[in-house]
Amino acid sequence: MSPALAPFQVRSYRFQWPADLATSIGFEMEALILGWYVLNATGSVEWLVAFSALPWIGAILAPFLGVAGDRFGLRTLLCMSRAGYAMLAATTTALTFTGALTPVQVFVLYGITGLMRPSDQAMRNVLIAQTVAPDTLMGALGISRSTADMAKVLGSLAGASGVAMIGMAPAYIVVTLLYGSAFLLSLGVARPPSHAAHASAHDVLAGLKDATRYVWAKPDLFGAFAIAFLTNLLAFPFVLGLLPYAAKEVYHVGQEGLGYLAAAFALGALAGSIFVGANRRALRAGRVMLWSCALWFVAVFFLGLTRSFALGFALLFFSGFVQSLCLTPLAAVMLRGSSIEMRARVMGMRVLAVWGLPLGLLASGPIIQHLGFAACTVLYGALGLAATLAVGYRCRDALWRPR
């Protein structure tokens, strides 16, 4: 059997892969369907950015994932969360069909979903690591990453274009069925072996404190964490929240156009992942991370200055491509620069960088409301580029010319 297909020899992985795919498509569809609904129902970009920040509230709970996993089991936790996604989506579907759906109800239901969403990918990876053989682990994780990128493309097109063709209520039936099938398939995932030692919340907080001191003291780790925070704060808001506004108010296209814009970024990310995975030359991870981040902010700078849909599509595709070239080497820098005993705590610290996304989204609302979308992209792009250059200069010995 081909090494790329070796993980599918494991029965648990054959259940987990389609379950993860269905969940990821559901996430993408739900974000676009409800984001467009909130923008149209309220006419306010501030409501839109507040809504888009909801799925990332759960990042606060992500470091405590190990505690919950010890108490309930990660497989049980994954099944519970996906059953919850299905029930919440079914509730939204019922409210949509009856015409009773309101923006406040959307905020409440989507906010509950957001408590678990940031931890979903982490649970997937841990379960893969616990159920597949070590010699097929990298292949399994690579398939999982490519699957997530493909799901973004499919979910983007189905979420926005589907509503345009069949309406919001029927499209939400599809979301509910995706989550329901993900729950049923997740029941086939193997239960990982239990461990005698259990973590506590105190252990997690102590680990994060140790990781903070460790990352601060090592320039390569500090630089990588700073880049992760900057991209979440100043780059991701335009593709993980503000796209419905850009589609409607900047490019003057409907839901179908929104689907194409979201798919452009996802296609670029998929192309970038394939490029990194297929590249046979040794890449200097620190340099690639810094260059790609700088180019990403250049694309952000110009995103709001154009009214051309074709140029906006190209800029989003380019953003997705350099995003993969930035974040994949970033993970390599953090893993390679950490000692074995600190590696888990450092990657737990990496999760905290996601907190930059809701902050960036919430700050963008008043800026767009008073100064406009173009001013926001110029401000975020310029600040991001300047901060990237500053990080590169401060950590130049560790990232640009490592010994």
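Keep in mind the model is a prediction, meaning the values are calculated, not measured. (Residues numbered from 1 in each chain as written. Predicted model: local features only at pLDDT ≥ 70, side-chain atom pairs only at ≥ 80, totals over all residues. Heavy atoms only, no water.)

### Observations regarding the nonpolar core
In this structure, Ile227, Phe238, Leu242, Met289, Leu316, Leu330 and Phe373 are the most contacted members of the largest nonpolar core, which totals 67 residues. With sequence-adjacent residues up to four places away left out, Leu330 is seen in contact with Ala224, Ile227, Ala228, Met289 and Arg350. In this structure, Tyr37, Leu109, Met168 and Val175 belong to the second largest nonpolar core, which totals 30 residues. (Core = buried A, V, L, I, M, F, W, Y, C linked by side-chain atoms within 4.5 Å. Buried < 20%, exposed > 50% of the residue type's maximum accessible area, 1.4 Å probe, protein only. Contact = heavy atoms within 4.5 Å.)

### Observations regarding the packing of helix 10 (residues 219–234) against helix 17 (residues 373–394)
With their axes 10 Å apart at the nearest point, helix 10 and helix 17 run at an angle of 180° to one another. Taken together, helix 10 and helix 17 sit at an angle that is classed as roughly antiparallel. Taking contact as the criterion, the partners of Phe222, Gly223, Ala226, Ile227, Leu230, Leu233 and Leu234 in helix 10 are, on helix 17, Tyr380, Leu383, Gly384, Ala387, Thr388, Val391 and Arg394. Counted by class, the contact of helix 10 with helix 17 contains ten nonpolar, three polar and one charged residues. (Axes fitted to C-alpha atoms, helices over the stretch in contact; angles between N-to-C directions. Helix = DSSP H or I, 4+ residues; strand = E, 2+ residues; numbered from the N terminus. Parallel < 35°, antiparallel > 145°, perpendicular 65-115°, else oblique. Nonpolar A, V, L, I, M, F, W, Y, C, P; charged D, E, K, R; others polar.)

### Comments concerning the environment of Ile128
As for its placement among the helices and strands, Ile128 is situated in helix 6 (residues 117–131). When the C-alpha positions of Ile128 and Gln16 are compared, they lie 8.3 Å apart, and in sequence the two are 112 residues distant.

### Section: a nonpolar patch on the surface
Taken together, the side chains of Ile57, Ile60, Leu61, Leu115 and Trp355 make up a nonpolar region of the molecular surface, amounting to roughly 430 Å² of accessible area. With respect to the helices and strands, Ile60 occurs in the loop between helix 2 (45–53) and helix 3 (65–72). (Patch = residues over 30% accessible without salt bridge, like charges linked within 9 Å, V, L, I, M, F, W, Y side chains within 5 Å. Areas by Shrake-Rupley, 256 points an atom, 1.4 Å probe, with all protein chains shown as cover. Salt bridge = Lys/Arg side-chain N within 4 Å of Asp/Glu carboxyl O.)

### So, the environment of Gly356
Relative to the assigned elements, Gly356 resides in helix 16 (residues 356–371). Remark: the alpha-carbon pair of Gly356 and Trp56, spanning 300 residues in sequence, is separated by 9.5 Å. The contact partners of Gly356, leaving out residues within four places of it in the chain, are Phe229, Asn232 and Leu233.

### Some thoughts on helix 16
If you check helix 16, its first and last C-alpha atoms are 22 Å apart, about what 16 residues at 1.5 Å a residue would give, namely 22 Å. Three or more residues of helix 16 are buried, namely Gly356, Leu357, Pro358, Gly360, Leu361, Ser364, Gly365, Ile367 and Ile368. Immediately beyond the C-terminal end of helix 16, within one or two residues, lies Gly372, with a positive phi of roughly 105°. (Expected span 1.5 Å × (residues − 1).)

### Some points on the environment of Tyr13
Note that Tyr13 resides in helix 1 (residues 11–42). Judged by its relative accessible area of 2%, Tyr13 falls in the buried class. Taking the C-alpha atoms as reference points, Tyr13 and Thr131, separated by 118 residues in sequence, lie 7.5 Å from one another.

### Re the packing of aromatic side chains
Under the counting rule described, the total for this entry stands at 14 aromatic pairs. Pairing Phe27 with Tyr85 gives two aromatic rings, centres 5.3 Å apart and planes at 75°, and the pair type is edge-to-face. Linking Phe27 in helix 1 with Tyr85 in helix 4 (residues 74–98), this pair joins segments that are 58 residues apart in sequence. Overall, Tyr85 belongs to the buried group, its relative accessible area being 2%. The structure contains a cluster of three or more aromatic residues connected by ring pairs, namely Trp47, Phe51, Phe107 and Tyr110. (Phe/Tyr/Trp six-rings, centres within 6.5 Å; stacked < 30°, edge-to-face > 60°.)

### Section: the packing of helix 2 against helix 5 (residues 103–114)
Close contact between helix 2 and helix 5 brings their axes to 9 Å; oriented N to C, the two are set at 20°. Of the possible angle classes, the one that applies to helix 2 and helix 5 is roughly parallel. In this structure, the crossing between helix 2 and helix 5 has a hand that is left-handed. Along the contact surface, helix 2 presents Trp47, Ala50 and Phe51, while helix 5 presents Pro103, Val104, Val106, Phe107 and Tyr110. Residues belonging to the contact of helix 2 with helix 5 are distributed by class as follows: eight nonpolar, no polar and no charged. (Left-handed = near helix turned anticlockwise from the far one by under 90°.)

### Some points on the side chain of Ser324
Looking at the secondary structure, you find Ser324 in helix 14 (residues 309–336). In terms of polar contacts, Ser324 uses its side chain to reach the backbone carbonyl oxygen of Ala269, at 2.7 Å. (Polar contact = N/O pair within 3.5 Å; in protein donor to acceptor, adjacent residues only side chain to side chain.)

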